[in-house]
Amino acid sequence: MINFGKTCLVASLGVLLSAATTQAAGIDSDNASAAVYADGWDQYDDGSVNPNGLGGWVLGGNAIDGSTIDITSSISLGSGSGSIDSADVAFKIHDTTGGFVDLFRFFDPAGLDAGETFSIDMAVNYRGGYKGIDLRSDVGDATIFNFNIGGDDYAVSQALTGNGSIGNAYSNDTVFHLEFTQTTLAGGTWAITRSGGVSDYDSGTYTGRAKSFKLYSGSQGTLNEDALFVNNLAIIPEPASLALLGIGGLAMLKRRS
């Protein structure tokens, strides 16, 4: 039988708690200041750190670096606009031709696991044309949640609950923080927190296992204020993982002492 002294026990527990803290801090993350985007935003670029978290970007046919998509500061949305920059840059999506641009990213390898939360920040100003995000399931890439900005409104659709306008009050410094929590492999919850000149919180549920998301922009004018900016992507585990790992590690050490 192995005998751990007090010092060894504390040190070993510290290592376990450190690992738990790292896990609880996040499974994966990415933002526009990652080194891979220094030369632009290209097909399959991936600034994340975990191969089992966020996959590389998949660009639609009209997603062209420096044209319909770009890496630049979100404060270019105009005077007073809200910033979601990391090191002065964010991801910009903006169709200026009257057409459509989209791009995708997958949650690898099979989609969000139960207890995992995907979050993303969005910044907007004008509401010309349409732009937004689709959350898509692991069955035929079906849309299981849509958040669209256009027609002078901000609206949710295709969710299980919470569909409809979340309030159409305009502000030039609007920032949305979106969270999708996969509560089971059969569905989850969504939440949108609005900040800037207008503060609001809305939530609901969706059906299915989230496998990917799509960002899109269409029928925009040439004004930069119509662009969609996103940044600060993250996948985090449920908060309970830290406590469970810490308690489990302590119990294991006690059994072995």
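Scroll up to find the structure this text is about.
All of the points below concern the structure found in this document.

Criteria and cut-off values
- One numbering rule holds for all chains: residues counted from 1, following each sequence as written.
- Where totals are concerned, whole chains, interfaces and linings use all residues; where local detail is concerned, this predicted model gives features only for residues with pLDDT of at least 70, and gives and counts side-chain atom pairs only at 80 or more.
- Heavy atoms throughout the structure, all of them, feed into the side-chain values; hydrogens and water do not.
- Runs of E in the DSSP output that reach at least two residues are strands. Runs of H or I that reach at least four are helices, and both are numbered from the N terminus.
- Burial classes: relative accessible area under 20% of the type maximum marks a residue as buried, over 50% as exposed, and values in between as partly exposed (1.4 Å probe, protein chains only).
- Ring geometry is summarised as follows: Phe, Tyr and Trp rings, the Trp one being its six-membered ring, pair when their centres sit within 6.5 Å, and such pairs are stacked at plane angles under 30 degrees, edge-to-face over 60 and tilted between the two.
- We define a polar contact as two N or O atoms separated by no more than 3.5 Å, with the added condition that, inside protein, one atom must be a possible hydrogen donor and the other a possible acceptor, whereas residues neighbouring each other in sequence contribute only through side-chain atom pairs.
- In what follows, residue pairs with any heavy atoms lying within 4.5 Å of each other are defined as contacts.
- Nonpolar side chains (Val, Leu, Ile, Met, Phe, Trp, Tyr) are joined into patches within 5 Å and like charges within 9 Å, using only residues with over 30% relative accessible area and no salt bridge.
- Where accessible areas are quoted, they stem from the Shrake-Rupley method and a 1.4 Å probe; at the residue level, only the protein chains shown are allowed to cover.
- By convention in these notes, a salt bridge is any Lys or Arg side-chain nitrogen within 4 Å of a carboxyl oxygen on Asp or Glu.

## So, unusual backbone geometry
Then step 1. Residues D108 and P109 are joined by a peptide bond in cis, for which omega reads -5°.
Then step 2. Within the secondary structure, P109 is located in the loop between strand 5 (100-106) and strand 6 (117-124).
Then step 3. Within the chain, Y44 stands out as a residue other than glycine whose phi angle is a positive 70°.
Then step 4. Relative to the assigned elements, Y44 resides in the loop between strand 1 (28-30) and strand 2 (58-59).
Then step 5. Even without being glycine, S219 reaches a positive phi, approximately 55°.
Then step 6. The class of S219 is partly exposed, set by a relative accessible area of 38%.

## Focus on the packing of aromatic side chains
Then step 1. Taken as a whole and judged by the stated rule, the model has 16 aromatic pairs.
Then step 2. Summarising the aromatic geometry, the rings of F118 and F213 are spaced 5.0 Å apart at their centres and angled 20° between planes, so their arrangement reads as stacked. Taken together, the residues span a long stretch of sequence, with F118 in strand 6 and F213 in strand 14 (residues 210-218) at a distance of 95 residues.
Then step 3. Overall, F118 belongs to the buried group, its relative accessible area being 0%.

## Describing the side chain of D121
Then step 1. One can find D121 in strand 6.
Then step 2. Side chain to side chain, D121 and H177 meet in a polar contact 2.7 Å long.
Then step 3. Excluding its chain neighbours within four sequence positions, the residues that come into contact with D121 are I84, F176, H177, F229, V230, N231 and N232.

## Notes on the environment of F91
Then step 1. Tracing the chain through its elements places F91 in strand 4 (residues 90-93).
Then step 2. Classification of F91 as buried rests on a relative accessible area of 0%.
Then step 3. As for F91 and L228, which are separated by 137 residues in sequence, their C-alpha atoms are 8.3 Å apart.
Then step 4. Setting aside its immediate chain neighbours within four residues, F91 contacts N31, A32, Y37, W41, W57, D70, I71, L228, F229, V230, N231 and L233.

## Some details on a nonpolar patch on the surface
Then step 1. On the surface, Y126, Y170 and L223 cluster together into a nonpolar patch covering about 290 Å² of accessible area.
Then step 2. By relative accessible area, Y126 is classed as partly exposed at 34%.

## Here we look at the environment of I120
Then step 1. By the secondary structure assignment, I120 is in strand 6.
Then step 2. Note on I120: relative accessible area 0%, which makes it buried.
Then step 3. Expressed as a C-alpha distance, the spacing of I120 and N31, which sit 89 residues apart in the sequence, is 9.7 Å.
Then step 4. Ignoring any residue separated from it by four or fewer positions in sequence, one finds I120 in contact with I133, F176, H177, L178, F213, L215, V230, N231, N232 and L233.

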